[in-house]
Amino acid sequence: MLFNSLTFVVFFVVVLILHNLKFPWRLKKFNLLIASYIFYAAWNPPLVFLLWISTIVDWFASRMVAGASTKGRRIGGLMVSLYVNLGLLGFFKYGGFVLENFTAMMHAVGFNYNPAAPSIVLPMGISFYTFQTLSYTIDVYRKELKPWHSFLDYALYVTFFPQLVAGPIVRASEFLPQCKKPTKVTANAFIWGLVLLTVGLFQKVVLADGFLAKPADDVFGAANAVTTFDAWVGVLAFSAQIFSDFAGYSTCAVGAALCLGFNLPNNFRFPYAATGFSDFWRRWHITLSTWLRDYLYIPLGGSRVSTPRIYANLMITMLLGGLWHGAAWTFVVWGGLHGLYLSAERWLRMRLGHKAWVKTMAAEVCFILLTYFLVLITWVFFRADDFATAWRLIAAMFGALDGGAVVLPYFDIAAVLIINAGLLLAHWMMRHSSHEWLVERTPWWLASLIWFGMIISIILMQGGGDAFIYFQF
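Residues numbered from 1 in each chain as written. Predicted model: local features only at pLDDT ≥ 70, side-chain atom pairs only at ≥ 80, totals over all residues. Heavy atoms only, no water.

Novice: Please clarify how the packing of aromatic side chains should be interpreted in this entry.
Specialist: In this description, an aromatic ring pair is defined by two values, namely the gap between the centres and the angle between the planes. For the structure shown, the criterion picks out 56 aromatic pairs. Between F246 and F268, the aromatic rings sit 5.0 Å apart at their centres with planes inclined by 85 degrees, giving edge-to-face as the arrangement. Pair noted here: F246 is in helix α9 (residues 228-259) and F268 is in the loop between α9 and α10 (277-280), with a separation of 22 residues, a long-range link. Each member of the pair, F246 as well as F268, carries the same accessibility label: buried. Consider the rings of W379 and F382, whose centres lie 5.1 Å apart with planes at 85 degrees: the pair is edge-to-face. One end of the pair, W379, and the other, F382, are both in helix α14 (residues 361-383), three residues apart, so they sit about a helical turn from each other. You can call W379 buried: its relative accessible area is 1%. Across from the ring centre of W59, 3.7 Å away, lies the NZ or CZ of R63, which sits over that ring. Positioned above the aromatic ring of W324, the side-chain terminus of K93 is 5.3 Å from the ring centre. (Phe/Tyr/Trp six-rings, centres within 6.5 Å; stacked < 30°, edge-to-face > 60°. Helix = DSSP H or I, 4+ residues; strand = E, 2+ residues; numbered from the N terminus. Buried < 20%, exposed > 50% of the residue type's maximum accessible area, 1.4 Å probe, protein only. Lys NZ or Arg CZ within 6 Å of the ring centre and 35° of its normal.)

Take a look at the structure:
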């Protein structure tokens, strides 16, 4: 079920009505749990079984960890969670990728090995809810969290429909305490939730799908080389599309949850105003970057080890972060580039960080533009279907190909450039603030007019009901 569908509107209205009836709190939570399963089953009902497996395994694994009398049993409980969750993730998401590479390796060494093509359905959102359930058991293992007393609360934490399939990745310590007692949703909070839903849908339906998807598809899907100008416009289109699409989903999730009385963490904070890559990952997909930091980078030793180990930890973390996004080598390269950028930034910061000019406004602007330029290069590998497409586009961007074809009409070019200019300006102006801060300082009539304009734009645009890009991860 998509946020940008009439089905979801009807579903959400029914959920809101049920949630606001004078039912006991326990029954309201049960309603939300059933609604979450219906929301997920709308794609593929049998895949709900995987959700149940993940939920039940970590419920009992965390209890096994907490109740263990020896360290070995504690580790055993943790291993059960890791094996089952990563096993399911590995089979459904990476099974075909592993078989494909194994087959290629066999051919390379002279064996004519041709297995049947695997027919594995990728469960929607498996990467997100797997990380959520894993973090619960790991936190219990670290004694940072006690096993929760209510299975209903815990099951709702795993499956809560606003953020189930594309995040934000919520920690148990953030969500479960909100299940103890009902939160009265004030009129202001409810309206703010609806505003966030509208903003998220505007980003998805109007910007991502309405203006940016087509030029990005035209350039990345071109069979032959395109002109240098079209190549850059296509990459700019995808840069704005991926932000509008994913941030749009996260904003919808936060808004929908707020209407139901739950607070979810923000997942984006104006990332295209980042002054470097460490800053970028504090602003882009925040809940994933903090997950990788807390459950991978720091356990590897983080920054408390020798300098070569620090760089190795950065590379391992970002390479696995790239692979988390998709089972393809292009995603690994995308993660590897971010690892290299983070390593280079750390090296430069150690040598130049104390210089006075580094802290000037002019330097900050240069750092933002340089970071955005390098991010654009990484998006080529993230979006391209294969390396041939990626290298062809990189070559076109830097004028290394002659005779490229013009594939973008003037209207698409103008739309991409205007939206990108507006996006960069908005991120620059808002980089130290928030949406709430902006709305509080905007006259009510102007804020209402903008909100109304967004609703009208969504209705007029409607879109093709395209799925959010991050659903595939």
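Novice: Could you clarify how one ought to interpret unusual backbone geometry in this entry?
Specialist: If you check the backbone angles, K143 has positive phi at about 65 degrees while not being a glycine. By relative accessible area, K143 is classed as exposed at 67%. Despite not being glycine, F270 has its phi angle at roughly 50 degrees, a positive value. Residue F270 is classed as buried on the basis of its relative accessible area of 10%.

Novice: It is not clear to me how empty space enclosed by the protein should be interpreted in this structure. Could you clarify?
Specialist: Gaps left between atoms show up when a probe the size of a water molecule is rolled over them. Taken as a whole and judged by the stated rule, the model has one cavity of 30 Å³ or more. In this model, the largest cavity occupies a volume close to 60 Å³. What lines the largest cavity is V219, F220, A222, N224, A225, V226, T389, R392, L393 and A396. Elements represented by at least two residues in the lining of the largest cavity include exactly α8 (187-220) and α15 (387-397). Among the elements that make up the lining of the largest cavity, the one with the highest residue count is α15 (four residues). (1 Å grid on protein atoms, 1.4 Å probe; cavity = no way out; pocket = protein on both sides within 12 Å on 5 of 7 lines; lining within 4 Å. Points joined across faces, edges and corners; volume = space filled by probe spheres on them.)

Novice: Could you clarify how one ought to interpret the packing of α14 against helix α16 (residues 410-430) in this entry?
Specialist: Axes are the key here: two packed helices are described by the angle between their axes and the distance separating the axes. Remark: α14 packs on α16, axes separated minimally by 13 Å, with the N-to-C direction vectors making an angle of 135 degrees. The angle between α14 and α16 falls in the class oblique. The handedness of the crossing between α14 and α16 comes out as right-handed. Contacts between α14 and α16 involve M361, E364, V365, I368 and Y372 from the first element and N420, L424 and W428 from the second. Of the residues belonging to the contact of α14 with α16, the class tally is six nonpolar, one polar and one charged. (Axes fitted to C-alpha atoms, helices over the stretch in contact; angles between N-to-C directions. Parallel < 35°, antiparallel > 145°, perpendicular 65-115°, else oblique. Left-handed = near helix turned anticlockwise from the far one by under 90°. Contact = heavy atoms within 4.5 Å. Nonpolar A, V, L, I, M, F, W, Y, C, P; charged D, E, K, R; others polar.)

Novice: How should the pattern of salt bridges be read in this particular structure?
Specialist: Per the stated rule, a full pass over the model turns up 12 salt bridges. D294 is the partner of R171 in a salt bridge, and the nearest nitrogen-oxygen pair spans 2.9 Å. Here R171, found in the loop between α6 (151-159) and α7 (172-175), pairs with D294, found in helix α11 (residues 286-297); they are 123 residues apart in sequence, far enough to count as distant. Exposure remark for R171: the relative accessible area of 14% places this residue in the buried category. A residue is classified by how much of its surface remains accessible, and D294, at 18% relative accessible area, is buried. (Salt bridge = Lys/Arg side-chain N within 4 Å of Asp/Glu carboxyl O.)

Novice: Can you walk me through the packing of helix α5 (residues 126-141) against α6 in this structure?
Specialist: Put simply, α5 and α6 touch, their axes get as near as 9 Å, and they point 140 degrees apart. As the angle between them shows, α5 and α6 are arranged oblique. Along its contact with α5, which presents Y129, Q132, T133, S135 and Y136, the element α6 presents Y154, Y157 and V158.

Novice: Teacher, can you tell me more about the nonpolar core here?
Specialist: The nonpolar side chains of soluble globular proteins are, as a tendency, buried together. Within the largest apolar cluster, 134 residues are counted, with the highest numbers of intra-cluster contacts made by Y136, F262, Y272 and W379. Among the elements that take part in this core, α9 stands out by supplying 19 residues, more than any other. Residues contacting Y136, with those up to four places away along its chain left out, are D58, W59, S62, R63, L145, P147, W148, Y154, Y157, A172 and L176. (Core = buried A, V, L, I, M, F, W, Y, C linked by side-chain atoms within 4.5 Å.)

Novice: What is the right way to read the environment of A223 from this model?
Specialist: Looking at the element boundaries, A223 is found in the loop between α8 and α9. Along the primary structure A223 and A405 are separated by 182 residues, whereas in three dimensions their C-alpha atoms are 10.0 Å apart.

Novice: Please clarify how the layout of surface pockets should be interpreted in this entry.
Specialist: Of the voids in this model, the largest pocket is the one considered here, and its volume is about 1,600 Å³. Contributing to the lining of the largest pocket are 45 residues, with V199, M430, H435, L438 and M454 lying nearest its centre. Secondary-structure elements contributing two or more residues to the lining of the largest pocket are α8, α9, α16, α17 (435-440) and α18 (444-461). With nine residues, the top contributor of residues to the lining of the largest pocket is α8.

Novice: Whenever I open this one, helix α12 (residues 307-325) confuses me. Can you help?
Specialist: Because each turn of an α-helix spans 3.6 residues, side chains separated by three or four positions in sequence point in the same direction. For α12, spanning 19 residues, the distance from its first C-alpha to its last is 28 Å, which sits close to the expected 27 Å at 1.5 Å a residue. Buried residues in α12 make contact with α4 (71-108), α5, α11, α13 (329-352) and α14. (Expected span 1.5 Å × (residues − 1).)

Novice: Could you clarify how one ought to interpret α6 in this entry?
Specialist: Buried residues dominate α6, accounting for eight of its nine residues. On the buried face of α6, the contacting elements are α2 (25-41), α3 (48-67), α5 and α7. Where α6 begins, the side chain of S150 points an oxygen toward the backbone nitrogen of L152, at a separation of 3.4 Å. (Polar contact = N/O pair within 3.5 Å; in protein donor to acceptor, adjacent residues only side chain to side chain.)

Novice: Honestly, the side chain of T378 in this entry has me stumped. Any pointers?
Specialist: Turning to its location among the elements, T378 is positioned in helix α14. For T378, a relative accessible area of 0% gives the class buried. At 2.6 Å, the side chain of T378 forms a polar contact with the backbone oxygen of V375. Excluding anything up to four places from it in sequence, T378 contacts W334, L337, H338 and Y341.

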